[in-house]
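Structural features, examined
This is what each chain is made of:
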Amino acid sequence: MPEPDTRYDVGRWASASLRTPPTMATQPPARPERRRRGVFSKVCACCRCCAGRNDDADWGPAPGEVPGERRAEPVVREGMLVLNTVDLQSARTGATRRAHHTNEYESDALIVRRGQPFTLRLGFRQPYDPEEHRVCLEFLLGPTPQVAKGTHVLVPVGAAGTQGWQAEEVDSTGTTLTVRITSAPTAPIGCYRLGVKTRSPAGEYAAPFDPRHQVYLLFNPWCSRDSVYLDNDSLLEEYVLNESGRIFYGTDAQIGERTWNYGQFDQGVLDACLYMLDRRGMPHAGRGDPINVSRVVSAMVNSLDDNGVLIGNWTGDYSRGTNPSAWVGSVDILRQYHRSQQPVPYGQCWVFAGVTTSVLRCLGIATRTVTNYNSAHDTDVSLTLDIYFDENMKPLEKLNADSVWNFHVWNDCWMKRPDLPPGFDGWQVVDATPQETSSGIFCCGPCPVEAIKNGLVYLKYDAPFIFAEVNSDKVYWQRQADGNFKIVYVEENAIGRLISTKAAGSHQRHDITHLYKHPEGSEAERKAVETAARYGTKAHVYAGRSSGEDVVVSVEATEAVTGQDMHLSVALTNRSTGPRSVSLNLHVAITYYTGVSGPVVKQERRQVELPPNGAQTVPLVVSYAEYQPHLVDQCAMKLSVSGKVAETGQVLAKQHNFRLRTPDLTLTLVGPAIVGQETHVQIVFKNPLPQTLKGAVLHMEGAGLCSPKTITVGDIAGYQTVRLRQNFVPLRPGRRQLAASLDSPQLSQIHGFLTVDVAAAPGTTSASPARHPATRESPSRQPTPGGSPARQPAARGSPSRQPTPGGSPARQPAAGGSPSRQPTPGGSPARSRSSPATRREPGRAGRPV
């Protein structure tokens, strides 16, 4: 049996080695005899320059040649096939960019997706003869490309290339050769340099590298062989191609929403995303794995450990940067980071999540922004949320390290998980907000949503922390006379409520709680919680629990705008046949949205007598004068209710978060919006407070409409109405969204948005043609992206002031076939039809509801 050809060995050529001619026994199978063989055989074999190499497979660097480096003026002999021009066919409106769904990127470079063919046109100084000439394309990634690592790809035209790439001749006419290249569906993503080598009877010619000849290669969720493949066109339209979205915030009883400009196709954003991977030092060879890429992105969006994109700040002092509530999109943040190469101040969870969505969508991974209400932050890996009280049921803040965030925002991204057992492909949680370290780094995920749902906290990555965020129990501990603590109450449905994302094709909130957890109180949900708790530090929590509670407490808060009094009510219900006497402690404090308590606003003690099977409501009013001096970001407060039933000794404990609404901005388009022509928008705002808002600043941003703008508004007197007029020049046609925010030290979280239909410039065709789905293959074992709610038209006025009911939405059939036994992405209605004319939708972006 012949020995294997050593030319295919990894690292076969050292820089100082000599190449030994192979023996006949080690030659690869001969190609059909062609006329060029006879010509080459008559030329001397003194060197590769004059003789060429008659082996089509070996196009690798010669001894002493450094991959990626090329002589600016190579030796040219008469008769050599010399490259003259390269046409990348990279026009944004061209067939290649449209087929690869990259025509929206504001770049003239060639941007393609892996696993999908694209064409190049090569022009030579002499006519191309397929019998006499050979051509090899080189794609080089990173500063030190290597064939063995897949970062130096050699693709001979008409022959098998390295790393699964292929190139075939499409047409040759005169001096022109058109080639179709198909990259491997597992190729590393990034910006490749293109090189061209030729062989002719006169020898081998290597064209100098041209900095203009770059190819950006991205993940391809339209390719069934790519591990990020998603077989649903409506979800792809929303979670890859949509440049704006909704981020939900507030509380589970008072849901707010804001528009966020992802702007993943804006100029400079793609380069900024790739710079993030470079800044982290991620090996280029590892950039073909979306698991590793998403994990690096979750680490790099925050600045801890690695000088990433955003500096987190929850202090309330933003004088050295931008208030997190003032950002309206990711574009300004990413451009600032790339330009300055320094972290940008400041961000909080929704900003981290918005930027993560922009980066992953830009790189080609289907991603959505997810909000979890009543999100637990478990600091001791107990997988429960523990709250400690003294003997009199007064909170022991020094021991209460765990906290419940009013809301927390993270991301779901779609990919296969070959590193895990079968059944965990699909949506994966990625969280870029720096809370706890993972393997010593502030990052989180990717973690399968299916693992979280079933309490499988031993699966990677970071499943215990994420499970505690959505499905831990709230455990109340009371200090006893001997100093030990005893469980007095377990609240089983307090954590992880109304998990929400923007529905595909509309502005509606889509409840995806059912993907993260079984129905509250069900046998499956209790099993998941207790399974997870066995891996925590307090596995005994569910042992020996007693029942017999017959007094139930609940809290309600009426809606109020900042500047108004807040009305609360505590309802007590006696489910026993005997009377009950209850002593209540009511404690209202300012709270940050992260659950950290601030100054106390009001305290009261009440004695309540309940008749058998009766109920009573205890009212509580918090005036503007009481809360105004202490108000912080998000205008949130927390009512803590504790008490004891005299007849039974039952301990009552309840915490309720509520917030004050802030007004919204009203945006109105003045005149038509046409690409390349200046248009105007009017912005109206009324100060709801009796005090002056000082140093107000307006932020405005819109993908395809205008670059990010920051405008100084100045002081706004109490109850004053201001009208601002701003101009912008639309960049791309189609339906776009313009987002704006107003920020001042006295009042923040003021947002608005405007939907704008931009017409193409007269005499031109649209630069954003209709998106046509790529041809799909039907893979085996591919997650079905179903679970889509029916389409609902976008609301024109203010959003609903009550949370949208949860539960599973109506399902839509998945496009492209129905794969088997995998979770549904569940989060998307069919696309809504475009409505004619520009319309104004005031107050839908980011204001509390």
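No experiment lies behind these values; they were computed from the predicted model shown. (Residues numbered from 1 in each chain as written. Predicted model: local features only at pLDDT ≥ 70, side-chain atom pairs only at ≥ 80, totals over all residues. Heavy atoms only, no water.)

1. Here's the deal with the confidence of the model for the chain
- In the predicted model, the chain carries a mean pLDDT of 82, and the fraction of residues at 70 or more is 80%.
- With pLDDT under 50 throughout, residues 1-54 is counted as low confidence; its partners more than four residues away or in other chains account for 88 contacts. (pLDDT = per-residue confidence, 0-100. Contact = heavy atoms within 4.5 Å.)

2. What about the packing of helix α5 (residues 269-280) against helix α7 (residues 331-340)?
- Here α5 crosses α7 at 55 degrees, and the two axes come no closer than 9 Å. It follows from the interaxial angle that α5 and α7 lie oblique. Seen along the crossing, α5 lies across α7 with a hand that is left-handed. Here Val 269, Asp 271, Ala 272, Tyr 275, Met 276 and Arg 279 of α5 come into contact with α7, specifically with Val 331, Leu 334, Tyr 337 and His 338.
- Here the contact of α5 with α7 is composed, by residue class, of seven nonpolar, one polar and two charged. (Axes fitted to C-alpha atoms, helices over the stretch in contact; angles between N-to-C directions. Helix = DSSP H or I, 4+ residues; strand = E, 2+ residues; numbered from the N terminus. Parallel < 35°, antiparallel > 145°, perpendicular 65-115°, else oblique. Left-handed = near helix turned anticlockwise from the far one by under 90°. Nonpolar A, V, L, I, M, F, W, Y, C, P; charged D, E, K, R; others polar.)

3. Things to note about the environment of Gly 595
- Structurally, the position occupied by Gly 595 is in the loop between β26 (580-591) and β27 (597-610).
- Residue contacts for Gly 595: discarding those within four places in its chain leaves Ser 403, Val 404, Trp 405 and Lys 638.

4. Quick look at the sheet that holds strand β21 (residues 485-491)
- In space, the three strands of this open sheet follow the order β16-β20-β21, with mixed pairing throughout. Where the open sheet ends on each side, the last strands, each with one partner, are β16 (385-389) and β21. When the angles between neighbouring strand axes are averaged without regard to direction, this sheet yields 25 degrees.
- The sheet contact formed by strand β20 (residues 474-479) and β21 spans six bridges and is antiparallel. Residue pairing in the sheet places Arg 479 in a bridge with Phe 485 of β21. (Pairing = 2+ DSSP bridges.)

5. Let's talk about the sheet that holds strand β7 (residues 176-182)
- Sheet architecture is open: four strands sit in the order β1-β3-β7-β6, paired in antiparallel fashion. Looking along the sheet, the strands with just one partner apiece sit at the ends: β1 (83-87) and β6 (166-173). Averaged over all pairs of adjacent strands, the angle between their axes in this sheet comes to 25 degrees, without regard to strand direction.
- Pairing analysis gives seven bridges linking strand β3 (residues 117-124) to β7, with the strands arranged antiparallel. If you follow Thr 119 over to β7, its bridge partner there is Arg 180.

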